[in-house]
Amino acid sequence: MSELIFIEDLPGGRHRPGPDERRQVDCRAAARSVPEVGRGKRFLIKTYGCQMNEHDSEIMAGMLREMGYRPAGSVDEADLILFNTCAVRENAEDKVFGEIGRLKPLKRRHPELLLGLCGCMAQEEKVRHFVRDTFPYVDLVFGTHNLHLLPELVVQAMASQETVFAVWDRPGQVVENLPKLRKEGVKAWVNIQYGCNKYCTYCIVPFTRGRERSRLPEDVVAEVEQLAAEGFKEVTLLGQNVNDYGLDLGTVDFADLLRRVAKVGGIQRVRFTTSNPWNFTDKLIDAVASEEAICEHVHLPVQSGNNRILKRMNRGYTREAYLELVERIRAKIPGVSLTTDIIVGFPGESEEDFQDTLDLVREVKFDNAFTFLYSRRPGTAAARMKDETPPEEKKDRLRRLNELQAAISREYHEKLVGKAVEVLVEGESKTNPDVLAGRTRTNRLVLFRGPRTLIGRLTPVRIVEAQTWLLWGEPVSLMREVSG
Ligand code: 5AD
Ligand code: SF4
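The notes below deal with the structure included here. (Residues numbered from 1 in each chain as written. Chains lettered and ligands numbered in written order. Predicted model: local features only at pLDDT ≥ 70, side-chain atom pairs only at ≥ 80, totals over all residues. Heavy atoms only, no water.)

Now for unusual backbone geometry. With an omega dihedral of 0 degrees, the bond running from T273 to T274 counts as a cis peptide bond. Within the secondary structure layout, T274 lies in the loop between β11 (269–273) and α10 (282–290). The phi dihedral of N279 is positive, around 60 degrees, even though this residue is not glycine. Mapped onto the elements, N279 comes out in the loop between β11 and α10. The partly exposed category is assigned to N279, whose relative accessible area is 35%. (Helix = DSSP H or I, 4+ residues; strand = E, 2+ residues; numbered from the N terminus. Buried < 20%, exposed > 50% of the residue type's maximum accessible area, 1.4 Å probe, protein only.)

All chains considered together, the criterion is met by 11 aromatic pairs. Ring centres 6.3 Å apart and planes at 85 degrees place the aromatic pair Y202 and F346 in the edge-to-face group. A residue pair is termed long-range when its members are at least 10 positions apart, and Y202 in the loop between β8 (193–194) and α7 (205–209) and F346 in the loop between β13 (337–344) and α13 (351–364) qualify at 144 residues. Residues Y202 and F346 agree in their burial class; the two are buried. Its end group placed over the ring of Y412, K415 keeps NZ or CZ at 6.0 Å from the ring centre. (Phe/Tyr/Trp six-rings, centres within 6.5 Å; stacked < 30°, edge-to-face > 60°. Lys NZ or Arg CZ within 6 Å of the ring centre and 35° of its normal.)

Inspection of the secondary structure assignment puts V446 in strand β17 (residues 445–448). Exposure remark for V446: the relative accessible area of 0% places this residue in the buried category. As a C-alpha pair, V446 and A466 span 20 residues in sequence and 9.5 Å in three-dimensional space.

Empty space among the atoms becomes apparent when a probe as large as a water molecule is rolled across them. Under the definition given, this model contains 3 cavities of 30 Å³ or more. Each pocket or cavity is described by its volume, and for the largest cavity that value is around 250 Å³. Lining the largest cavity we find 18 residues, and of these T144, H145, L147, Y194 and R213 sit closest to its centre. Among the residues forming the lining of the largest cavity, the class breakdown is 7 nonpolar, 8 polar and 3 charged. (1 Å grid on protein atoms, 1.4 Å probe; cavity = no way out; pocket = protein on both sides within 12 Å on 5 of 7 lines; lining within 4 Å. Points joined across faces, edges and corners; volume = space filled by probe spheres on them. Nonpolar A, V, L, I, M, F, W, Y, C, P; charged D, E, K, R; others polar.)

On to the site of ligand 2. Around ligand 2, the structure places C196, K198, Y199, C200, Y202, C203, V205, P206, Q240, N241, W278 and R315. Its residues assigned to classes, the shell around ligand 2 comprises 8 nonpolar, 2 polar and 2 charged. (Near = heavy atom within 4 Å.)

Moving on: the pairing of β13. Among the 8 residues in β13, 8 count as buried, and that is most of the element. Of the two faces of β13, the one lined by S337, T339, D341 and I343 and the one lined by L338, T340, I342 and V344 are each fully buried. Sheet topology places strand β12 (residues 297–299) next to β13; 3 bridges connect them, and they run parallel. From the neighbouring strand, H299 faces β13, where its bridge partner is T339. Taken together, β13, α13 and strand β14 (residues 368–373) form a β-α-β motif whose crossover is right-handed. (Pairing = 2+ DSSP bridges. Right-handed = clockwise from strand over helix to strand, strands pointing away.)

Let us look at the state of the cysteines. What the rule picks out here adds up to 0 disulfides. C120 provides the cysteine sulfur closest to C86, a residue in no disulfide bond, and the two sulfurs are 6.4 Å apart. Judged by relative accessible area, C86 falls into the buried class, the value being 10%. (Disulfide = S-S within 2.5 Å.)

Time to look at α13. For α13, with 14 residues, the first-to-last C-alpha span of 20 Å sits near the 20 Å given by 1.5 Å per residue. Among all positions in α13, only D353, F354, T357, L358, L360, V361 and V364 are buried. Taken down its axis, α13 places every buried residue within 160 degrees of arc, on the same side. Within α13, the exposed residues directed more than 90 degrees away from the buried face are E352 and E363. (Expected span 1.5 Å × (residues − 1). Arc of directions from axis to C-beta.)

Pasting the structure below:
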């Protein structure tokens, strides 16, 4: 049994927890029980934010397909539009509000069009109130914990004149047997863990995704085996803190799970994200180093290079501990690629503190970094901290950091020119159907001209040109020294 479930009760829609919602539900069956609802209709899901959200959208698409819906090519074709939202930064939220505002005329012309908002923004009370007051034509608002109830929520929204708000403030059980409509046939995301307990002071995720829950290893492995049987070649294991995987189960840890997944026949590459600098054990490093299928790429968010700021962020490690971990990883995993996340302009960050971040970036030489301007998230601890740095100065810090990282990333790419790398070919490039796109084991994007028969295969490619964010290559017939 899950814990008590609370469902927000806003005027304009009621949804009370019934006993059924407290036990494990078979979502496939639930979706199939209302198939005629979507027959002849089309859906569109707009996804914002992280890979977890991308994967949630695949799950929702899977449920909608079981209800008879088909994907729509555009907003105008759609009978149901869902916004699967991100709450991590304010500008992503503003974008969603802008898009929903622009749909008002369409909704007026087609009142039967269903509009829904889900994902992390839906978990925020202030967002729900804003939607109620500003966009009363939104039909459905549901959260991250009850996404599996989509089929019945759609039915309710169809029947209701008012917005249906259905947001659980706490997670129920981990729900298995969710149908998924995955985008492509080469690589797939697999959830291994939901939620986050870490409460970094800037971050909204623990409030929108709840406490950490791990899927059972046998369920993860069964899903990966199924993917292999369907012809997928690569899986990325997803969680907010994958290296905490299993702590709540007590019988298995992340290194054990990685090794089991790496042994699934047919899966040639295993990736994982996001790992964190705490609890990154030698056992985990050894697993990555010794299992052939596990790619030598670690995404290890550092956020800041200054100890005072790291403490204010509640990150739980120091600059020195981070650097020591980088050393341990590099010593045991030859050729490992390290990427990171960095926040610039956290409340109280001085120019000197920021210099420590630049220093750390120079010292570690990350292969790539995702850099963000601090965004104040109401309800988090950092939102109550004094933040006196002018926005212009913060932007200038971000510019300097990006310049530094771009130079480092480019340097890595230039060193690869003339070398052969192993590429898993994913498909046509986004901008040119005559060009194939794939990734190295270290997750670098490689574009090259070659036969479409290579799609889905591991192929040696010689790098001929380096750009900052991608590489150009040409296929080599015989694989000799392969790196990168
Ligand atoms: N402001 C800016 N960046 C943030 N991140 C998380 N919360 C915030 C915030 N409030 C960044 C962190 C995290 C990444 C996914 O998003 O760097 O690692
Ligand atoms: Fe947010 Fe920190 Fe959890 Fe990552 S570890 S999701 S940054 S609270």
